[in-house]
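Listed below, chain by chain, are the residues.
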Amino acid sequence: MSGFRTWLQQRVPGGSLRDAVRQSELGILLLGTLAGLLSGLLAAALGGAARGMHLLIFGPESQHGLSALRDPEPLLLLLAPATGGLLLGLLGLALARWRPRQPIDPIEANALHGGRMSLWDGVVVGAQNLLSNGFGASVGLEAAYTQAGGGAASRMGRAFGLRRGDLRVLVGCGAAGAIAAAFGAPLTGAFYAFELVIGSYAIAYLAPVLAAAVAGSLVTAWLGGGTQLLASGLGAPDWDDTGLSLLIGLACGLAGIALMRGVTVTEAGLRRAIPWGTLRPAVGGLAVGALALVTPAVLSAGHGALHLAFVVEGPALPLVTLLLLKALASAISIGAGFRGGLFFASLLLGALLGKLVASGALALGIAVDPLLGAIVGMTAFGAAVIGAPLAMTLLALETTGSFAIAGVVVMAVIVSATTVRRLFGYSFATWRFHLRGEAIRSAHDVGWLHDLTVGKLMRRDIRTVRQDTRISAFRRDFPLGATTHVVALDAAGRYAGMILVAEAHAPELEEDATVEGLLHLAGQVLLPAQNAKQAMALFDATDAEALAVVDQKDTSCVIGLVKASYLLRRYSEELDKRRQDELGMAA
């Protein structure tokens, strides 16, 4: 042990394992791998707990998935989601008293908080998601997987004192391992992390994120968990298949927008109809149970229903029915307050829609494979709702093992993603942030900008003068070269405007006149909580060189001054640091 410590001291300043990990690319790689292993274990544990709840509540017939139940007890179908909703409401009531803050998910953590997540948030989201999915609400477990994996990775990174950029990458490793474990698809997990959780791609990120994804998928393969999406027997696509895929991509993009809007409308309607937040999940669960009486395929995430969609052929009417009921069940579940997301629901809805379009093409005499339509629809709808087109393309590749199929899929994904971006502009996750008032379009790091506030940038040693001061007195107190700007105050000591010292020394001015006639930028002030981007917008609008900072608009008590040149220099320095992080360069 002493030899290892001596070796560290010779090579690493400080001589500690913590310093060695922080300052080594190999150290980040090892941490990423460990994060993937932990994420895989947590995903397997959560998935196993959900399956255990299904068996306990719905009986042994649920072992192949709630959505594939046959001849279930009607009263059980009706009341189980409502019971879960009631328990979820009671848990929410306890959390509102003891832990009232909103959990921070990996995307928000990387966008606004530099990768800082709480392990307790993972516990809370995991419990809420298990109560939702375990009792049959139409939501998946992927939110719990990524929350737990990202939280564990963030805690590990903070224990080693990682820099902001490295911590964000490690949170991405946790999410990559979780998604790879959920689907047994390491490439899908890795690019899910790049596109959604890290928000950018760099060569320096590749090794730790891929290592985490592979580690997570190996864990779930070893434990026998996860969802294996396997589709075989597909031939090479032809021109008809290519045209069909483009049509499916467009349909999935439009349907994805409708689903995301529908969730918002449903949520608003349920809030108005049921103002008591504690009871809303129970009522929503009762509605989901009523839909399950029509078909149990709407229950839970939909693993069994997706498998049946791949292997069973049938008429179009059942496809349309299940498509509409599943979309409605998912919207009610999320709108009522059940915890979860639309990840797996979007895959199922896309497979159903793709199969429906393929059935229509067959009815017109166009020879297409309905299974190909399901694969294309699954990935195109996923790209529309989840917002990860490369991850969805790789999911098709890992599902089919065919590069030819992946080539057709990528065209559909491009059409779907472009349709959503042009007509809507959000994925489901960023749309939810938008509704909360957060201006987040991706996990791209904008938290540093929120931290770079006017209050931190302003100078407090400001020079002030009363606006009724005579020019002669002003010239005596502020000779040329002493300063460039002076803040003028009114009789009550409030901000009145800015005075340029050079203008006050103009020879044509009468010395007995007051400086009130020299005031500029009256009413144009900054507040200490505003960020650098907001401050620059005001500088651009006023064409000012300096602006006063007041405590608040109504009192207008001057507390500082910000110069445009200093603001631009600090903004450029911070922006350069973020770019170095994105390129994997040490700051």
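Use the structure listed above.
The residue count restarts for each chain, going from 1 along the sequence in the order it is written. Local features in this predicted model are restricted to residues of pLDDT 70 or higher, and side-chain atom pairs are both shown and tallied only at a pLDDT of 80 or more, whereas totals for entire chains, interfaces and linings draw on every residue. Side-chain metrics in this entry use all non-hydrogen atoms of the structure; hydrogen atoms and water are not considered.

**Student:** Just checking my understanding: could you explain the environment of Ser-118 for this structure?
**Tutor:** Secondary structure elements are taken from DSSP: a helix is a run of H or I of four residues or more, a strand is a run of E of two residues or more, and numbering for both begins at the N terminus. Residue placement: Ser-118 occurs in the loop between α5 (106-112) and α6 (119-134). Taking the relative accessible area as the measure of exposure, Ser-118 reaches 16% and is therefore buried. In the structure, Ser-118 is positioned 13 residues away from Asp-105 in sequence and 9.3 Å away in space, judged by C-alpha atoms. Whether two residues are in contact is decided by their heavy atoms, any of which lying within 4.5 Å being enough. The residues touching Ser-118, leaving out its near neighbours within four places in the chain, are Arg-99, Arg-101 and Gly-151. Looking at Ser-118, its side chain comes within polar contact range of the main-chain nitrogen of Trp-120, at 3.1 Å. Three exposure classes are used, based on accessible area relative to the maximum for each residue type with a 1.4 Å probe and protein chains only: buried under 20%, partly exposed in between, and exposed over 50%. Under this definition, polar contacts are N or O atom pairs within 3.5 Å; protein pairs additionally need one hydrogen-donor-capable and one acceptor-capable atom, and for neighbouring residues in sequence, both atoms have to be side-chain atoms.

**Student:** When you look at the pattern of salt bridges in this model, what are you seeing that I'm missing?
**Tutor:** Oppositely charged side chains can pair when the atoms bearing their charge come close. For this document, the term salt bridge refers to a Lys or Arg side-chain nitrogen within 4 Å of an Asp or Glu carboxyl oxygen. Throughout the structure, instances matching the rule amount to eight salt bridges. Across the pair Arg-163 and Asp-166 runs a salt bridge, and its minimum N-O distance is 3.2 Å. Residues Arg-494 and Asp-490 are paired through a salt bridge, measuring 3.4 Å at the closest nitrogen-oxygen approach. Arg-494 sits in the partly exposed class, given a relative accessible area of 40%. Here Asp-490 falls in the buried class, since its relative accessible area comes to 14%. Within the structure, one salt-bridge network assembled from shared partners comprises Arg-99, Arg-101 and Asp-121.

**Student:** Is there a simple way to explain helix α16 (residues 370-386) in this structure?
**Tutor:** Residues that lie three or four places apart on an α-helix share one face, since the helix turns once every 3.6 residues. Its 17 residues place the ends of α16 23 Å apart at the C-alpha level, agreeing with the 24 Å of an ideal helix rising 1.5 Å per residue. Of all the 17 residues making up α16, 17 are buried; the element is thus mostly covered by neighbouring parts of the structure. Near the N-terminus of α16, the side chain that reaches the backbone nitrogen of Leu-371, with its oxygen 2.9 Å away, is that of Asp-369. Positive phi appears at Gly-387, one or two residues downstream of α16, with a value of about 85 degrees. Multiplying 1.5 Å by the residue count of a helix minus one yields the expected span of that helix.

**Student:** Is there a simple way to think about the packing of α16 against helix α17 (residues 389-400) in this case?
**Tutor:** In helix packing, the relevant descriptors are the interaxial angle and the interaxial distance, both defined with respect to the helix axes. It is at 8 Å that the axes of α16 and α17 come closest, and there the two elements cross at 155 degrees. Overall, the two elements α16 and α17 adopt an arrangement that is roughly antiparallel. Along this stretch, α16 crosses α17, giving a crossing that reads as right-handed. Each of Ile-375, Met-378, Thr-379, Gly-382, Ala-383 and Ile-386 in α16 lies in contact with α17, whose residues at this interface are Pro-389, Met-392, Leu-395, Ala-396, Thr-399 and Thr-400. The residue classification treats Ala, Val, Leu, Ile, Met, Phe, Trp, Tyr, Cys and Pro as nonpolar and Asp, Glu, Lys and Arg as charged. All others, Gly included, are polar. Partitioned by chemical class, the residues of the contact of α16 with α17 number eight nonpolar, four polar and no charged. What counts as an axis is a line fitted to C-alpha atoms, over the stretch in contact for a helix, and the angles between N-to-C directions run from 0 to 180 degrees. Orientation labels follow simple angle bins: below 35 degrees gives roughly parallel, above 145 gives roughly antiparallel, 65 to 115 gives roughly perpendicular, and whatever is left gives oblique. Note on convention: near helix rotated counterclockwise from far helix by under a right angle means a left-handed crossing. Clockwise means right-handed.

**Student:** Quick question: what am I supposed to make of the packing of aromatic side chains here?
**Tutor:** Think of a pair of aromatic rings as described by two things: how far the centres are apart, and how the planes are tilted against each other in angle. In this analysis, rings of Phe, Tyr and Trp, with Trp reduced to its six-membered ring, are considered paired at centre separations within 6.5 Å, and the interplanar angle assigns stacked below 30 degrees, edge-to-face beyond 60, and tilted for intermediate values. Counting across every chain of the model gives eight aromatic pairs. Seen from their ring centres, Phe-424 and Tyr-426 are 5.8 Å apart, and the 70 degrees between their planes marks the pair as edge-to-face. Here the two residues Phe-424 and Tyr-426 agree in accessibility, since each one is buried. Site record: aromatic cluster; members linked through ring pairs are Phe-183, Tyr-192, Phe-343 and Phe-344.

**Student:** Got a minute to help me understand the environment of Gly-341 in this structure?
**Tutor:** Checked against the element boundaries, Gly-341 lands in the loop between α14 (316-336) and α15 (343-363). On the basis of relative accessibility, which here comes to 17%, the residue Gly-341 falls in the buried class. Ignoring anything within four residues of it in the chain, the contact list for Gly-341 reads Val-139, Gly-140 and Ile-334.

**Student:** It is not clear to me how the sheet that holds strand β2 (residues 485-489) should be interpreted in this structure. Could you clarify?
**Tutor:** The strands making up a sheet associate through backbone hydrogen bonding, with each pair oriented either parallel or antiparallel. At least two bridges found by DSSP between two strands are what make those strands a pair. Strand order across the open sheet formed by three strands is β1-β2-β3, with mixed pairing between neighbours. Of all strands in the sheet, those bounded by a partner on one side alone are β1 (464-466) and β3 (495-500). Strand-to-strand, the axes of this sheet are offset by a mean angle of 35 degrees, without reference to chain direction.

**Student:** Teacher, can you tell me more about the pairing of strand β4 (residues 546-550) here?
**Tutor:** Among the five residues in β4, five count as buried, and that is most of the element. Here β4 shows two buried faces, one formed by Ala-546, Ala-548 and Val-550 and the other by Leu-547 and Val-549. Sheet analysis places β4 next to strand β5 (residues 558-563), joined by five bridges and oriented antiparallel. Along β5, the bridge assignment pairs Leu-547 with Val-562.

**Student:** I'm lost on the layout of surface pockets in this one. Help?
**Tutor:** Rolled over the atoms, a probe sized like a water molecule indicates the empty space that remains. If you add up the space inside the largest pocket, you get close to 1,500 Å³. Class assignment for the residues of the lining of the largest pocket results in 26 nonpolar, 12 polar and 12 charged. In the cavity and pocket records, a cavity denotes points on a 1 Å grid over the protein atoms alone where a 1.4 Å probe fits but cannot get out, a pocket denotes an open set with protein on both sides within 12 Å along at least 5 of 7 lines, and lining residues are residues with an atom within 4 Å of a point. Grid points are joined across faces, edges and corners, and a volume is the space filled by probe spheres set on the points.

**Student:** How should I be thinking about a nonpolar patch on the surface in this particular structure?
**Tutor:** The grouping of Leu-34, Leu-37, Leu-38, Leu-41, Leu-42, Trp-222 and Leu-223 at the surface amounts to a nonpolar patch, some 650 Å² of accessible area in total. Of the residues forming the nonpolar patch, the biggest block, five residues, is contributed by helix α3 (residues 25-58). With respect to the secondary-structure elements, Leu-41 resides in helix α3. A relative accessible area of 43% places Leu-41 in the partly exposed class. Nonpolar side chains (Val, Leu, Ile, Met, Phe, Trp, Tyr) are joined into patches within 5 Å and like charges within 9 Å, using only residues with over 30% relative accessible area and no salt bridge. Accessibility throughout is a Shrake-Rupley quantity obtained with a 1.4 Å probe, and a residue counts as covered only by protein chains that appear here.

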